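Inside the fold
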Amino acid sequence: MISRRLLFSVIIPALVALSTTSASAASLKVVASFTVLADVVHQVGGDHVTVTSLVGPNGDPHEFEPSPSDAKNLNAAQIAFVSGEGLEGWMDRLISASGYKGKPVVVSDGIKFRTMDEDGQTVTDPHVWNSPVNVKVWVANIEQALAKAAPADAAAFKTNAETYMKKLDALDAYAHSKLGKIALDHRKVLTSHDAFGYFGRKYDVQFLAPIGVSTESEASAAAIARLIEQIKAEHVKTYFFENSNDPRLVRQIAKATGAEPGGELYVESLSDAKGPASTYEKMFRYNVDQLVAAMAKAS
């Protein structure tokens, strides 16, 4: 007869090992390019995914320089997500360096992109997430990709996606409600770079900026002079700096025009957990509140 002590010594480690294996199998290892996207992936994936963001809180996804640990995280990922349209210009290099065998899921596929002219060239604005309606496209693409990677959890992903879609609809309604109280001719602000185009298109807000869609570009003296004249002519009274960008240029322009500070906006990156924009939902509401307060004060 097997003693009780011997039985426990054999069965308990086996159960622990089985439990550990099941838990790890149930958690899909996911990498997302930057914090905003990582949060949305987490909202859809829930407890069935472990999400790592390559660009950290308050980081700039345009000027990001991947580290060896980022290569290691990507190599270990079962699925990777990017926003696309040139935002992550460093991603191909990281894939080559990491040995990652998969192809990242481009979550912005299907969005009606905004284009503009920069230095005689037509460029696509990659900052699609600044409209929650666009993020609904993200959610659909993320749900489909996660379900393909982990079919056993497809029902959970679908439920999570439907729940989050309703939150995105609520964010859209919130922005319309708040901004609808501001007269159209007062919906004008100065920001660090051209990252709020989709927000402006959706909610009739005019954003002026010295730098184009990428923070890697530089504004010429002539372009800055023209912008200063435009700000004066259109009576733009408020400027904002961005959490992930250098505020010095926008402050210099504000000083030349008399524009008053409206505070900080979260454009391309979430705050850390203790900040006011630790999730996409919090970020969007915070930005709306900051903009509306500044416009109301200036009107």
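First, a word on what this report is: a plain description of the structure on this page. This is a predicted model, so every value here is computed, not measured.

So, on to the side chain of D39. Turning to its location among the elements, D39 is positioned in helix α2 (residues 35-45). Summary of buried charges: D39 has no salt-bridge partner, and the nearest side chain of opposite charge, K167, is 9.0 Å away. Once residues lying within four places of it in the same chain are set aside, the contact partners of D39 are Y164, L270, T279 and Y280.

Our next topic: the nonpolar core. Within soluble globular proteins, side chains that are nonpolar generally end up buried alongside one another. The biggest cluster of nonpolar side chains holds 70 residues, and the ones touching the most others in it are F81, W129, W138, I142, L146, F199 and Y280. Beyond its immediate sequence surroundings of up to four residues, Y280 is in contact with V36, D39, V40, W129, S131, P132, V135, Y164, L168, L171 and L270. In this structure, L190, L227, V250 and A254 belong to the second largest nonpolar core, which totals 12 residues.

On to helix α8 (residues 221-233). When the terminal C-alpha atoms of α8 are compared, their 18 Å separation across 13 residues agrees well with the 18 Å that a helix rising 1.5 Å per residue should span. Buried positions along α8 lie against β7 (188-190), β8 (206-208) and α9 (248-257). H235 sits one or two residues past α8 and shows a positive phi near 55°.

For α9, the full list of buried residues reads V250, I253, A254 and T257. The arc that holds the buried residues of α9, viewed along the axis, is 100°, so those residues lie on one side. Exposed positions of α9 whose direction lies more than 90 degrees from the buried face are R248, Q252 and K255. Next to the buried residues of α9 lie β7, α8 and β9 (238-242). With its phi angle positive at about 85°, G258 sits one or two positions after the end of α9.

Reading the values: rules and limits
Residues numbered from 1 in each chain as written. Predicted model: local features only at pLDDT ≥ 70, side-chain atom pairs only at ≥ 80, totals over all residues. Heavy atoms only, no water. Helix = DSSP H or I, 4+ residues; strand = E, 2+ residues; numbered from the N terminus. Buried < 20%, exposed > 50% of the residue type's maximum accessible area, 1.4 Å probe, protein only. Lys, Arg positive; Asp, Glu negative; His and termini not counted. Salt bridge = Lys/Arg side-chain N within 4 Å of Asp/Glu carboxyl O. Contact = heavy atoms within 4.5 Å. Core = buried A, V, L, I, M, F, W, Y, C linked by side-chain atoms within 4.5 Å. Expected span 1.5 Å × (residues − 1). Arc of directions from axis to C-beta.

These results come straight from atomic positions and should not be treated as a statement about function.
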